[in-house]
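# Fold and geometry: a report
Next come the chains, spelled out residue by residue.
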Amino acid sequence: MARRQQEADRAIRPKLRSPGHPKFQRPVEAAFWAEIAKGFLPIEAAAMVGVAQAVGQRWFRHAGGMAPFDLTFKPTGRYLSFAEREEIAVLKAQDKGVREIARAIGRDPATVSRELRRNAATRAGSTGYRASVAQWKADMAAKRPKPAKLVADPRLHAYVQERLSGQIRTPDGKVVRGPEPPRFTGINKPHRKHRGWSAAWSPEQISNRLKVDFPDDESMRISHEAIYQSLYIEGRGALKRELVWCLRTGRALRAPRERSRRKTWAHVTPETLISERPAEAEDRAVPGHWEGDLLIGLERSAIGTVVDRTTKFTLLVHLPREEGYRHKETPRNGPALAGYGAITMKNALANTMSVLPAELARSLTWDRGKEMSAHAKFSVETGIPVFFADPQSPWQRGTNENTNGLLRQYFPKGTDLSCWSAEEIEAVAHALNTRPRKTLNWKTPAEAFNEHLLLLQQAGVASTG
């Protein structure tokens with residue numbers, strides 16, 4: 001009778017797949033997605049909640065970059081918690097009865113009885129009870145996956161897919177195949193390689209066009225968010241993942257909105273903003289206020305450029321790659337060996353500018369690149385304060401931008417700049433500094449700079465006499 005009752009009990013389920021590694025509890029996964037929502041990367045969020053980096057990256061990839069559940073949901077206490085299941089497992093191992101267990105955890109005996117039958121660990125013929133297995137079974141049973149609308153409606157699916165990945169045609173209807181794209185690998189669009197040509201309507205365009213093409217058919221409606229989820233969330237089965245290449249960004253995973261607001265320039269502190277630069281630097285009447293940036297070449301090669309705002313005198317910083325550098329083979333998160341890492345850049349720039357007299361080294365304005373992350377140490381060593389231009393404001397460093405354009409005659413884009421020695425780079429700087437400039441009334445930058453040096457020397461002689 002008991003066996004027949006157990007078999008007839010609606011709580012008995014068919015065999016479930018192997019759970020594998022014990023599942024992390026919902027609060028741990030919720031904490032992970034909360035950190036993702038703050039803009040942290042999956043490996044950073046995983047470290048914060050105490051799970052392996054591979055686990056965090058797998059959570060992020062399988063969910064398409066979006067939290068798979070409502071992070072604001074709070075358990076009501078209607079269902080057994082993992083802590084209660086652990087208590088049940090302990091008391092069951094002590095051969096306590098159902099009613100005694102129920103009294104201990106404050107639940108109805110029927111709840112405990114169903115739990116012991118429903119979520120028992122039945123592998124290898126065992127009927128024991130384990131909290132981790134019971135929680136996994138409960139989580140599996142709690143899922144109520146709603147079939148995606150694009151799966152349930154073939155006509156809507158065909159419409160959406162055609163607008164995303166349909167072939168492009170000439171005005172007379174002839175198909176144009178376009179380039180052959182590389183094999184889809186599950187990552188972002190190929191870098192500097194061909195992408196397949198397609199109709200490439202955005203999900204928002206598709207969603208709103210449906211109302212125009214089918215004004216009276218309410219079944220032909222879908223939100224742009226539902227289309228994005230069908231593309232990005234693994235397991236939806238509605239649209240193939242490689243169709244993400246049909247989107248303008250070609251991004252394989254959604255990037256949380258907050259990530260775009262991350263403080264990219266953490267090294268830029270309030271006191272180093274260009275608004276804090278001495279006012280005398282604005283009118284260019286006083287020499288010694290410099291502007292700097294990098295000339296970037298092939299395979300992460302670079303040359304530093306520093307220009308005086310008043311005299312246009314140019315200093316070039318030699319930045320050879322460090323020993324051990326291998327293009328595309330440098331260990332991930334390893335040392336910066338490209339030649340313009342923060343410490344390497346600081347040392348090279350300090351060596352170049354430390355020869356200047358203090359009166360001609362009043363400030364340095366730089367782009368917001370990470371190569372100047374060690375600007376505080378640079379200022380301590382040289383006594384030159386560093387200021388950073390506003391984002392996307394190259395006119396605030398117009399002298400340097402113009403000089404970089406002149407230097408591209410000698411160091412064109414797409415060439416390896418590491419092949420030039422310090423002596424050769426110095427020769428280019430000399431050529432630029434001995435070229436007459438209209439803004440200097442056809443004097444050369446070297447002549448203008450030397451005039452100020454002579455004035456400083458004469459003032460020093462007069463003050464000591």
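Residues numbered from 1 in each chain as written. Predicted model: local features only at pLDDT ≥ 70, side-chain atom pairs only at ≥ 80, totals over all residues. Heavy atoms only, no water.

This part covers the overall build of the protein chain. Within the protein chain one finds 17 helices and seven strands. Among the 465 residues that make up the protein chain, the fraction classed as buried is 36%. Contacts in the protein chain between residues far apart in sequence, at least 24 positions, make up 62% of those at least 6 positions apart. As displayed, the protein chain has an accessible area near 28,000 Å², and 53% of this comes from carbon and sulfur atoms. (Helix = DSSP H or I, 4+ residues; strand = E, 2+ residues; numbered from the N terminus. Buried < 20%, exposed > 50% of the residue type's maximum accessible area, 1.4 Å probe, protein only. Contact = heavy atoms within 4.5 Å. Areas by Shrake-Rupley, 256 points an atom, 1.4 Å probe, with all protein chains shown as cover.)

Turning our eyes to something else, we now look at the nonpolar core. Within soluble globular proteins, side chains that are nonpolar generally end up buried alongside one another. Of all hydrophobic cores here, the largest spans 27 residues; its most connected members are Trp290, Val306, Leu349, Met353, Leu364 and Trp366. Looking at this core, the elements with two or more residues in it are strand E3 (289–296), strand E4 (302–308), strand E5 (314–319), helix H13 (342–353), strand E6 (363–366), strand E7 (386–388) and helix H17 (445–464). Examining the composition of this core, we find that five residues originate from one element, H13, more than from any other. Counting residues in hydrophobic clusters, the runner-up holds 20 residues, among them Leu150, Tyr232, Trp245 and Cys246. (Core = buried A, V, L, I, M, F, W, Y, C linked by side-chain atoms within 4.5 Å.)

Time to look at the side chain of serine 207. Note on placement: serine 207 falls in helix H11 (residues 203–213). Residue classification places serine 207 among the buried residues on the basis of a relative accessible area of 9%. Ignoring anything within four residues of it in the chain, the contact list for serine 207 reads Ile222, Ser223 and His224.

This brings us to the sheet that holds E5. Across the sheet, which stays open at both edges, the five strands sit in the order E5-E4-E3-E6-E7 with mixed pairing between neighbours. Only two strands of the sheet have a single neighbouring strand rather than two, namely E5 and E7. Each neighbouring strand pair of the sheet contributes to a mean axis angle of 25°, computed without reference to strand direction. Bridging between E3 and E4 involves seven bridges; their strand directions are antiparallel. Along E4, the bridge assignment pairs isoleucine 296 with alanine 302. Sheet contacts for H13: E3, E4, E5 and E6; angle to E5, the most-contacted strand, approximately 140°. (Pairing = 2+ DSSP bridges. Axes fitted to C-alpha atoms, helices over the stretch in contact; angles between N-to-C directions.)

As a further point, take the pattern of salt bridges. One pass over the structure, following the stated rule, counts 15 salt bridges. A salt bridge links glutamate 115 to arginine 85; its shortest N-O distance comes to 2.8 Å. You can see glutamate 115 sitting in helix H7 (residues 109–118) and its partner arginine 85 sitting in helix H5 (residues 82–93), a full 30 residues away along the chain. Overall, the relative accessible area of 4% leaves glutamate 115 in the buried class. Taking relative accessible area as the criterion, arginine 85 reaches 5% and is therefore assigned buried. (Salt bridge = Lys/Arg side-chain N within 4 Å of Asp/Glu carboxyl O.)

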